[in-house]
Amino acid sequence: MAAQKPSVPKGTRDFSPVEMVKRNFIFDTIKNVFKRFGYLPIETPSMENLSTLMGKYGEEGDKLLFKILNSGDYLSKVKSNLSEVESNKLALEISEKGLRYDLTVPFARFVVQHRSEITFPFKRYQIQPVWRADRPQKGRYREFYQCDVDVIGSNSLLNEVELIQIIDHVFQDLKVNAIIKLNNRKILLGIAEMIGEPEKFIDITVAIDKLDKIGLEKVNEELLLKGISESAIEKLKPIFELSGSNKEKLSSLKKIVKDSETGLKGVEEIETVLNYFKTLKLNIDLELDLTLARGLNYYTGAIFEVKAKDAEIGSICGGGRYDDLTGIFGLKDVSGVGVSFGADRIYDVMEQLNIFPQEIVASTKVMFVNFGEKEEIYCLPLVQKLREEGVNSEIFPESAKMKKQMTYANNKNIPYVILVGDNEMQSGLLTVKDMVTGEQSELKFEELLQKIS
RNA sequence: GUGGUUGUAGCUCAGUUGGUUAGAGUGCCUGAUUGUGGUUCAGGAAGUCGCCGGUUCGAACCCGGUCUCCCACCCCA
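Within helix α5 (residues 104-113), nine of the 10 residues are buried, leaving the element largely enclosed by the surrounding structure. Along α5, the positions that sit buried rather than exposed are T104, V105, P106, F107, A108, R109, F110, V111 and V112. Those residues of α5 that are buried are in contact with β2 (47-49), α2 (50-53), β5 (122-131), β6 (143-152) and β10 (315-322).

Now the structure itself:
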């Protein structure tokens, strides 16, 4: 039988040690910031009941869910006529579980399910993979990690402020130049009301979200196509033409939505958030962007999106406030707000810009060459001592040829190689080779410690 | 889901109008050097030409299907 060619499913990837070291650098950096702001970790299962996931991400979202086939003789339980039933109807009859699509909905489920154990406001972070069945392309995978921070059970806009600070910290620590775009769904709703098309709210937001990508004309075409009247489109025009500083945009916006209570509330919320930053230091740019809409329709208040300034890859972080996500699961009046960092896209940006710190790649600092049994017995306690001193060390596991052992150290980027043979065992010194300069010196153990620390 | 594109050695890629035995660079292995990697030199191994079928005396090359990669749309981290 011919060996089958090994491969992984479309849109999924293996990660080599070098890649994992870099990925862990991103995860660790993000995690440390989360912890510094008082967030605690949780995890939820990779799969959820489809009833938990369906209908939370819009029509498109449902299509992008990976569904898991029921176990056993699932076909025998199908009630519909197989030759007539539609695929998506059948899917629900033979599948009751699916892979999670994001971390926010499982979190809402978690909160409702564990409400009696939770003290509110509940601040949690969660770093796990999610799955989406769309076609892979640049910066888009079928399996990728999200790093979510959310606070639930508090309406305070201080939480929005805190999330912006977290984003600021993360990208500062990662040394990624980024910009936060901020908007508020209430403003978008107010605008929809103003132009007399409140029921077309979703269509309007999706269309204006594309403004910077496809331009005003195409957006207007799309709006017409969705059945929005020309006069309404005409009224939208001044919103697209808003410019200047955040302050200027807000004051002209106030006039536009002056007759919409919701709209004014949204403007006020943004003003409040921005006012906090009059006295807080913020390194990242924070920009009010009226064309930011975000597709997920559970957002009700503030919405955020972060873009890398020096790379073209879509958003690397996004989120917002959701007033009633727990309501779906039976817990009313619990508002939450959170953001999600796209670790894989951040990786792509950092890789493209070549800004991973050099020193994270070297894992082993010292390697002992293995000359044979006698020497092993002599070296092993030394390796142990180095490890006790916190130095990452290893001994080559067999007395292979020098060339092989040196090549191993070289390929693994090990900076120091130690040679201990008859001479060294007699003198009690260690021959230490600096793999960068090629220089060798005979040192006492303590001198070695000093040299490498 | 729609449209386009790619696939040849572990990796990056050549390969003429369809014509003997499919090449290069790099990596790998061996030796020059039995206690010295990264540089140099000599030698060596390595390919169902993505897969299935068709056309042809003959296919890496032409045709059809399929999978995969990448890109755009939809949507999104």
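What follows continues from the structure just given.
This part covers the sheet that holds strand β9 (residues 302-308). Ordered in space as β1-β5-β6-β11-β10-β9-β7-β8, the eight strands form an open sheet in which the pairing is mixed. With partners counted over all chains shown, the strands left at the sheet margins are β1 (40-41) and β8 (285-288), one partner each. Alignment of β6 against strand β11 (residues 336-342), held across seven bridges, turns out to be antiparallel. Among the inter-strand pairings, I152 is bridged to a residue of β11, identified as G336.

Counted by the stated rule, this structure contains 18 salt bridges. Of the charged contacts in the structure, one is a salt bridge between D285 and K309, with a shortest N-O distance of 2.6 Å. Here the residue D285 occupies a position in strand β8, and K309 occupies one in the loop between β9 and β10, the gap between them amounting to 24 residues. For D285, a relative accessible area of 35% puts it in the partly exposed group. Two residues, D422 and K374, come together in a salt bridge whose shortest N-O distance is 3.4 Å. Here D422, found in helix α16 (residues 422-427), pairs with K374, found in helix α14 (residues 373-388); they are 48 residues apart in sequence, far enough to count as distant.

Another point: the side chain of E375. Position of E375 among the secondary structure elements: in helix α14. Of the side chains with opposite charge, K374 lies nearest to the buried E375, which makes no salt bridge, at 4.6 Å. Excluding residues that lie within four positions of it along the chain, E375 makes contacts with V420, G421, D422 and M425.

About the thresholds
Residues numbered from 1 in each chain as written. Chains lettered and ligands numbered in written order. Predicted model: local features only at pLDDT ≥ 70, side-chain atom pairs only at ≥ 80, totals over all residues. Heavy atoms only, no water. Buried < 20%, exposed > 50% of the residue type's maximum accessible area, 1.4 Å probe, protein only. Helix = DSSP H or I, 4+ residues; strand = E, 2+ residues; numbered from the N terminus. Contact = heavy atoms within 4.5 Å. Pairing = 2+ DSSP bridges. Salt bridge = Lys/Arg side-chain N within 4 Å of Asp/Glu carboxyl O. Lys, Arg positive; Asp, Glu negative; His and termini not counted.

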